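# Per-entry structural report
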Amino acid sequence: MRPIQAAFPATRFRRMRRSAALRDLAQENTLTVKDLIWPLFLCDGTGSETPVASMPGVARLSQDNILRAAERAVRLGIPAVCLFPYIDPALKTAGCEAAWDADNLVNRCIRALKAEQSDLAVMTDVALDPYNLNGHDGLVRDGIILNDETVEALVKMSLAQADAGADILGPSDMMDGRIGAIRMALEAAGHKDVAILSYAAKYASAFYGPFRDAVGASGALKGDKKTYQMNPANSDEALRLIGRDLNEGADMVMVKPGMPYLDICRRVKDAFGVPTFAYQVSGEYAMIRAAAAQGWIDGEKAMLESLLGFKRAGCDGILTYFAPEAAALLAPAV
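I will try to describe carefully the structure that is included in this document. Everything numeric here is computed off the predicted structure, so don't read it as measured data. (Residues numbered from 1 in each chain as written. Predicted model: local features only at pLDDT ≥ 70, side-chain atom pairs only at ≥ 80, totals over all residues. Heavy atoms only, no water.)

## As for the packing of aromatic side chains
Note the threshold: The criterion for an aromatic pair is that two Phe, Tyr or Trp rings (for Trp, the six-membered ring) have centres within 6.5 Å, with stacked assigned to planes under 30 degrees apart, edge-to-face to planes over 60 apart and tilted to the rest. Helical segments are the DSSP runs of H or I of at least four residues, strand segments are the runs of E of at least two, and each set is numbered from the N terminus. Accessible area is worked out with a 1.4 Å probe on protein chains only. A residue is then buried under 20% of its type maximum, exposed over 50%, and partly exposed in between. Should the NZ of a Lys or the CZ of an Arg lie within 6 Å of a ring centre and within 35 degrees of the ring normal, that charge is described as sitting over the ring.
This model, assessed by the stated rule, comprises 10 aromatic pairs. For the ring pair Y285 and Y321, a centre distance of 5.7 Å and an interplane angle of 65° mean the geometry is edge-to-face. You can see Y285 sitting in helix α9 (residues 282–293) and its partner Y321 sitting in the loop between β12 (317–320) and α11 (323–330), a full 36 residues away along the chain. Pair check on accessibility: Y285 and Y321 agree, each one buried. For the ring pair Y285 and F322, a centre distance of 4.6 Å and an interplane angle of 50° mean the geometry is tilted. Residue Y285 is located in helix α9, and its partner F322 is located in the loop between β12 and α11; the two are separated by 37 residues in the primary sequence. Of the two residues, Y285 and F322, both sit in the buried class. Its guanidinium or amino end placed over the ring of Y86, R60 lies 3.9 Å from that ring's centre, counting from NZ or CZ. One Lys or Arg, K256, reaches over the ring of F211 and ends 5.3 Å from the middle of that ring.

## Regarding the environment of E284
Put simply, the test is: Residues count as neighbours in contact if any of their non-hydrogen atoms are within 4.5 Å of one another. Think of a polar contact as two N or O atoms within 3.5 Å of one another; within protein, one of them needs to be a possible hydrogen donor and the other a possible acceptor, and neighboring residues in sequence only count if both atoms come from side chains.
Looking at where E284 falls in the secondary structure, it is placed in helix α9. A relative accessible area of 2% places E284 in the buried class. Taking the C-alpha atoms as reference points, E284 and P257, 27 residues apart in sequence, are found 8.2 Å from one another. Every residue in contact with E284, bar those within four places of it in the chain, is listed here: F207, P257, G258, M259, P260, Y279 and F310. Of the polar contacts made by the side chain of E284, one reaches the backbone nitrogen of M259; its length is 2.8 Å.

## Quick word on the pattern of salt bridges
We apply this condition: Basic side-chain nitrogens of Lys or Arg form a salt bridge, by our definition, when they fall within 4 Å of a carboxyl oxygen of Asp or Glu.
With the rule as written, the count across this model stands at 17 salt bridges. Its salt-bridge partner being R289, residue E325 comes within 2.8 Å of it at the nearest N-O pair. Pair noted here: E325 is in helix α11 and R289 is in helix α9, with a separation of 36 residues, a long-range link. For E325, a relative accessible area of 27% translates into the label partly exposed. A single network of salt bridges, built from pairs that share partners, joins D173, D176, R178, R244 and D245.

## Examining the side chain of T150
Mapped onto the secondary structure, T150 falls in helix α4 (residues 148–164). Exposure remark for T150: the relative accessible area of 0% places this residue in the buried category. Separated by 2.4 Å, the side chain of T150 and the backbone oxygen of L146 make a polar contact. Residues contacting T150, with those up to four places away along its chain left out, are L128, D137, G138, L139 and M175.

## Quick look at the pairing of strand β1 (residues 36–42)
Stated precisely, the cut-off is as follows: For two strands to be treated as a pair, DSSP must find no fewer than two bridges joining them.
Most of β1 is tucked away: seven of the seven residues are buried. The alternating pattern of β1 places L36, W38, L40 and L42 on one face and I37, P39 and F41 on the opposite face, and all of these are buried. Pairing analysis gives two bridges linking β1 to β12, with the strands arranged parallel. The residue bridging L36 from the neighbouring strand is I318, located in β12. Examined bridge by bridge, β1 and strand β4 (residues 80–85) share six bridges and lie parallel to one another. The residue of β4 that forms the bridge with F41 is F84. Note that β1 and strand β3 (residues 59–61) share two bridges and pair parallel.

Spelled out as structure tokens, the structure:
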């Protein structure tokens, strides 16, 4: 419906911009701390905090420091954290067997987090790339990424994470059929309440570079991920993928990356009306940080503006490395 409005001067849009109070009354979208999921990079050891050079302000943290970060998240009101592991290269294999080891780095940390912060939602990454000698999200044979065999591995990985106490599983692999297989396996194993936030529209993007540095996958990756991640030129395909994953049992869906794909976020929300998330990925974070460090932009304002953009595009939540910084700024005045 086309909005009805009187002609100038009866209509003056600046009337509602005249003061902060009037601007607040007319504001259409609001960003709150409850919209944020904080991605955390987990490494082995104790007392470890290794900065990620390509992501200023972000570090790989050992479990004890992850627990401190979780305490901070709770204090700030952040509802969820998401774990991404940096795996010892000696543990990486072509078969990715460590991915579903009940006592692997991630599963130990899930148990510790749920023991200390039971009200904090713990999300995990379901993909094989941190454990894979080839750096791919799937099993590889003769240079080909295997779909069905990878789905079987992802089911085992998902069950191990659910057994450890994960609240939300985040399949980020983009293999066909994995949501249905994971959902059926969870139901059969008694994990009926474990939620799936599917990376349903994940693009083969140039914005992932710093993340791959953080999880140690950059040097391992052979080739690219274009046979399973989406073509950046496509948008109708994203809706087909979202629909498929919802039909297979996804509770929430994600668009990744975020800012270059806000049009996809809007289309997904309008078409399906389901909980829709976006991932403000490492490259997006790094660009804002780098420009702010040079004094070219106001980093704090640019951060908040970028996050508000996700809300305007229809997102219900955002995975962002800015989560603690944004949460501190969004905390209501007492």
